[in-house]
Every structure is written in C-alpha cells, then in structure tokens.
Amino acid sequence: MNRALKFRRKLWGVGTFVIAILAFAFFLALRSASQAESLFDWSAHAEEVLDKISQARFGRSRLMNQLWAYRVTHNPELPARFREDMDNLHHNLDALRALTADNPKQRRIVEELTPLIVEQLVLLQAAMDNAVAGRTLPADSSTLSLPFQPSDHVRDLFNTMERDERTLVAQRSAAVRVNVERTQAVLFIAGALTALILFAAVYLVQREILLRAEVENGLRRAQEMLGIKFEGQRTELGHVLEDLHAQIRARAQAEQEVKQLNADLGRRVRQRTAELEDMNRELEAFSYSVSHDLRAPLRHLDGFSRILQQTYGQQLPEGAQHYLERIRSAAKHMSELVEDLLQLARVGRHTTRRESQPLRALVDEARKEIEPECVERDIRWEVGKLPDLDVDPGLFRLVFTNLFSNAVKFTRDRKPAIIEVGCFDGNGMSVIFVRDNGAGFDPHHADKLFGVFQRLHRQDEFEGTGIGLATVHRIVQKHGGRVWAESELNQGACFYISVPASSAGTPDEQKEPIGAVV
Amino acid sequence: MNSRNEDILLVEDDPADAELTLMAIGKERLTASIHVARDGAEALDFIFCRGSYAERKFERPPKLILLDLKLPKVSGHQVLRAIKSDPRTRSIPVVVLTSSDQDRDLVECYRSGTNSYIQKPVDLQKFQETVRNFGTYWLRVNQPPPMGAFLEPDSGAKP
C-alpha cells in the first residue's frame, strides 16, 4: 500500500518532468519557428527592395531608350508608353521609399537618390515634350545626352543600396540557419532527455510490474498454502463437529433414557408407596380390630370366671377353684400381650417429635407410672445427673417405663433392690444406662434380648410378654441411637441406650443388629 | 315414673358385655331402669322417639347414655354425632364405654362432643369400680337441665 503510493508518486513525478521538458522544447521550437518566419519576411522584403532598385534603374534606361526611339521614329505610340513608364517609375520610387522606411541607412540613400532621379526624369519629360512638339533641339548632343546619362554618383548610390541590401539578406539567412540549427539541437536534446526519462520510467514500471508479479506470485502461493491448510482444518473441524454431534446425540439419548428411568422409577415409587400405604392401612385396621375385638373375649373370660368364683366359690371343690384361677391368669396374660403388641404397633406408626427434654423429668414420670409394681418392695433408686436431650417425650417415657419395669421385676428377690440410672458422653452420643442388681441373664442368649416375643426367663420365674425390650429397641432406633445390654447370670444387668447428643442424628436409621455386649 | 323412660340407655351389641355391665350396675344398685339397645339404629330410634319407640317422650330423656363404638348398622361414632348435633338431645350425658384405646377413637369422640370416654378394663374388679364411679357421678352427683328446656325450636342457640 505504502509502496504502491510511493511508486505512483514517482510515476507522477517522472511524467510531470517529461511534460515540462517537452513543453520547454515545444516553446523553443515555436519561438524558433516564429523567428524563422520573421526572418523569411525580412528576406522577402529585402528581395522586394532589390527588385524595386533594379526596376528603378532599368525604368530610367527604358525612358531614355523610348525618348531616343521617338526622336528617331516618331512612333506615335511611344509618348503614351513613355508616360506610362514614367508613372510606373514614380510609383516605384514611392514604393522604394516606403519599403526602406524601417532602414535609416537605405532611407538616407533613397532620400539622396530620389531628387537626382526626379531631376533627370523632369529633363527627360521635357525632352520628350520638345520632341513631340517638333522643336529642334540644339544640336548639342551633350546637352541632349547629359541629363540622360546616369551620373556616377547615382550609379554609386544604387550600387551601395544594392550591396547593403544583399548584405542584409545574407546576414538574415545566416541568422535563420543558426536559428534552425539551435532549434534542431534543442529538439534533439529534449527528445533524448524524454527518451531517457521514458526509458527510466519504463524500467521503473517494469521493475514494479516484476515486483508486483513476484508479490502476486507469493500471495498466490501463500493463498494456495492457506487453502490447503484451510481445507485440512476444515476437514478436521468437520470430524470434530461430527464427533460433537455424535456426543450430543449420545447425550440426548442418555438423557432420554434417564428420563425414562426416572419416569419408571417415579411410577414404581408411586406404586410401591401405594402398596405400602395399603399395607399400612391393613396393619392399622388389624391393630384397630385387635384393640376392639380381642380384648372383649378376654374381659368376658376374666369377668365371668371371677363372677363364678365370687358367686359359687364356696360350692366348688378346690380343684375347680384352681382351674378357675388358671383361666383368669391366662386371660390376664393374654390381655397383657395384646396391650404390649398394641403399644409396639403404636410406636411403629408414631412420627417422632423431637424437642429438648430434661431426661430427669421423664425418668421421674416413668417411676411414678410403675409405682403399682413397687408396692411392698425395698427398692433403692440411685438417679445420677441427667442432661437435656432432643427426644420424643412420650416415646422416651415409654423406654424408661419398660426398662424400670424390667429392673423392678428382675430384682424381686433382692433386698434391697438397687436400680441405678445415669448418663455419660461417648463419641458424640449421650449414653444412658439403667443398672440393677437383679437376676441378670445368660450373655450367651443376649442376641435374643431385643426381639419380639423373645424371653430369657421362664414364665414361672419372671412373667412377661417379651415385647417390652423390642419396643425400647424400636423407639431408640427411631431416634438414631442404639441399645445394648451387659450382664452375667445373677450378677445384675445393665442396659445402655445411646442417642445423638444433638438433634443431628438421623431418626429411623437402620443400625447394625443390636445385641448384648458382655 | 313412666317405665318407658329409663334412667340409663346402654348401647351394646355384645350380650356378654351387656350382661357384665348390667351386672356391675345392678351390683352397685344405681338404678333398675336400664334399656339396652342392640345396635346404633335402635339406639337412635330410642333417643329420637321414633320407629318402635315413637310413643316415647322427648321430655323424659335418659339420664345417661353408655355407648359402645363398634356397633352393627350404625356405628357408635354416628350415634354420638347424631345426639350431639341435635339441640334437643345435646344435653344428654354420653359416656363412651369401649375396648378401644386407639387415639383416633379418642380424638373422634371428643370432637363429636362426648362427655366422657372410658376404656373397659379387662379386670372385672376394676370394671366394677369404674362403673361405680361414673354411675354415681352422672346419676347422683350431676344435676341435669330442667325438663324440656331444649325442646323449643330456637333452643339450639342456647348453650
């Protein structure tokens, strides 16, 4: 771009220079031509002057000859011709005077010459007139010839004039020649210069063209290379795009599949939820039915056997009384089983409500609840310092009721029975323990301790339903904690409950199977 | 006293339960004036003096209704709602006497406006005590509203 501009400027410069030289040459040629023209004019003028001079010279001679002829012949035509020539000569002289008006030297000669000639012409006229009149002239021939003979002076004057004029013509011719030569030289130089400059310009242009061609070549090559590269990259890009499309398709398909799976999952979850809801409803109906219908016959068993005993007791033999007692105790046991099962079912359905509870209050309430079981018993309660915990108050009271009830039951033979309640921290959990000095249990069977209907004592040793600890287990599990027990036969037992110290624990979480730790 | 206007209406479908209850009431000598309805429909006929009880008078309602929940035809809950939503019968004391200790029964009964809810104890002795307690209270301690106080058409506005 910059280079092209420079080149254009250079070309313009050369062009302008050439035009200037040509203009100068043209100007010189024009001037030379106009000079030559004026010189030619001058030459013509000089020729005319010479012509007039010679006419003037011969005109006078003719007049003299006509006079002599008339004198001899008396030809009547001659005087008229004489007069005509005389007039012509006069005119000639006038013309010569006018022609030499610009040349002072010639002019002076003409001024000097004219009166001399006119004087002779007057004499000639007179002579002619006399001849025509028939007057005889004196025979003096000298008189006759004298005025007609051209004086030396006149002859000299004419000669001078002629000579001067010829010199002038020669001079002017030389000037014309010089002029022409100079013009030729100027034209030659201008031509040579122009040619030189044009050569230079052509060289420059050629070089430029070559340069441009080279650049163009380079550009074309570069373009070709770029084209090849571009083609390569385009192909590569095409592959990449194809890959991308494939990936997008794959992803879309995967998304579709995920959607499908989600939909399936959603449907299955809904189906399963519906099934679970159905099952829950059935379970609820079952426990409702148990609650209503199973108790009534038990009540009747107990009621009527008692009435029988009360009303007809004295009439019955001792064996009959014993069997009545058996019937009543079976009804009572069955009633307890129903109660405990309903309680366990209720715990399962119950949604845990977590709030900060002073454990001490729950322990006290539980103790009050089992007071009827402690009648006529020597029990020493040792309740340590208990913290506040995030637990469901109703469910946790049930935990303590069950544990205390067990402790009271299994310390039946101890005097005094010692029941210890306490709490310590371990691994971010609060561990609550209930220890007694009662019958304890065989640690070999500890894994059965928290299962439903599982008992480690015979009914005639310690009555029970085998549901209480299962209920405890269920409640603690719902609080994200675990329960275990330590014991030796006849060495007392200790039950541990761990619950998250804060409310961070996850309720209803399935923990490892709970067993006793010895 | 009109023999058709008893002190106690016992609504109970189970004859054994009915017998035990009657025996307990009799033993406490609370009243001899007891009518037993065997299902919810009969109970409603009795209370609203219609059907086979059309000759009964609203002016002499029972002093106490003992109501079981699980009843044939019309359930105890429906009977309770019918009694407590009618201004003429709303003031009759109803004691729900049932085997159930299910929360939803408790909630439902108290929402309908029962005066008391008692779970029948399995132990006869405890049952006897319970009957003595609520019988004494409702029949002897509690004072019912004046006769016919809620029989006017606009009596519903009164509490």
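Residues numbered from 1 in each chain as written. Chains lettered and ligands numbered in written order. Predicted model: local features only at pLDDT ≥ 70, side-chain atom pairs only at ≥ 80, totals over all residues. Heavy atoms only, no water.

## With respect to the sheet that holds strand E5 (residues 429-436) of chain A
All names here are of chain A.
- An order of E2-E4-E5-E7-E6 is seen for the 5 strands of this open sheet, with the pairing classed as mixed. The open sheet terminates on both sides in strands that have one partner only, identified here as strand E2 (379-383) and strand E6 (482-487). Recorded for the sheet is a direction-independent mean angle of 15 degrees between the axes of neighbouring strands.
- Across the sheet, helix H9 (residues 468-478) touches E6 and strand E7 (493-500), and the angle it forms with E6 is around 140 degrees. (Pairing = 2+ DSSP bridges. Helix = DSSP H or I, 4+ residues; strand = E, 2+ residues; numbered from the N terminus. Axes fitted to C-alpha atoms, helices over the stretch in contact; angles between N-to-C directions. Contact = heavy atoms within 4.5 Å.)

## Some points on the environment of Arg-81 of chain B
Residues and elements named next belong to chain B.
- Inspection of the secondary structure assignment puts Arg-81 in helix H3 (residues 76-85).
- Classification of Arg-81 by relative accessible area gives partly exposed; the value is 38%.
- As a C-alpha pair, Arg-81 and Cys-109 span 28 residues in sequence and 8.5 Å in three-dimensional space. (Buried < 20%, exposed > 50% of the residue type's maximum accessible area, 1.4 Å probe, protein only.)

## Section: the confidence of the model for chain B
Residue and element names in this part refer to chain B.
- The predicted model of chain B has a mean per-residue pLDDT of 86, with 92% of residues at 70 or higher.
- In the predicted structure, residues 155-159 sits below a pLDDT of 50 and forms 8 contacts with residues beyond four places in sequence or in another chain.
- Interface scoring of the predicted complex returns ipTM 0.72; its pTM is 0.48. (pLDDT = per-residue confidence, 0-100.)

## Brief notes about the interface of chain B and chain A
- Across the boundary between the two partners, chain B contributes 24 residues, which contact 22 residues of chain A.
- Taken together, the two surfaces of chain B and chain A that pack against each other cover about 2,100 Å², and 51% of this comes from carbon and sulfur.
- On the chain B side of the interface with chain A, the three residues burying the most area are Lys-70, Gln-102 and Val-122 of chain B, jointly 30% of the side's total.
- Close ionic contact of Asp-123 of chain B with Arg-306 of chain A constitutes a salt bridge, the shortest N to O distance being 3.7 Å.
- Between the two partners, chain B and chain A, sit 8 residue pairs in polar contact (both at pLDDT 80 or more).
- Put simply, the parts of the chain that give the side of chain B that touches chain A at least two residues each are helix H1 (15-28), helix H4 (103-112) and helix H5 (124-141) of chain B.
- At 6 residues, H1 of chain B tops the list of elements feeding residues into the side of chain B that touches chain A.
- Here the residues of the side of chain B that touches chain A sort into 7 nonpolar, 7 polar and 10 charged. (Buried area = accessible area lost by both parts, 1.4 Å probe. Salt bridge = Lys/Arg side-chain N within 4 Å of Asp/Glu carboxyl O. Polar contact = N/O pair within 3.5 Å; in protein donor to acceptor, adjacent residues only side chain to side chain. Nonpolar A, V, L, I, M, F, W, Y, C, P; charged D, E, K, R; others polar.)

## Quick look at the side chain of Glu-208 of chain A
- Along the chain, Glu-208 of chain A falls in helix H5 (residues 152-312).
- In this structure Glu-208 of chain A touches Arg-3 and Phe-7 of chain A, once residues within four positions along its chain are discounted.

## Focus on the packing of helix H7 (residues 359-369) of chain A against helix H8 (residues 393-410) of chain A
Residues and elements named next belong to chain A.
- Taken N-terminus to C-terminus, the directions of H7 and H8 make an angle of 55 degrees; their axes are 8 Å apart at the nearest point. As the angle between them shows, H7 and H8 are arranged oblique. Crossing angle aside, the handedness with which H7 passes H8 is right-handed. Within the contact between the two elements, H7 uses Leu-359, Leu-362, Val-363, Glu-365, Ala-366, Arg-367 and Glu-369 and H8 uses Pro-393, Phe-396, Arg-397, Phe-400, Thr-401 and Phe-404.
- Looking at the contact of H7 with H8 residue by residue, the class counts come to 8 nonpolar, 1 polar and 4 charged. (Parallel < 35°, antiparallel > 145°, perpendicular 65-115°, else oblique. Left-handed = near helix turned anticlockwise from the far one by under 90°.)

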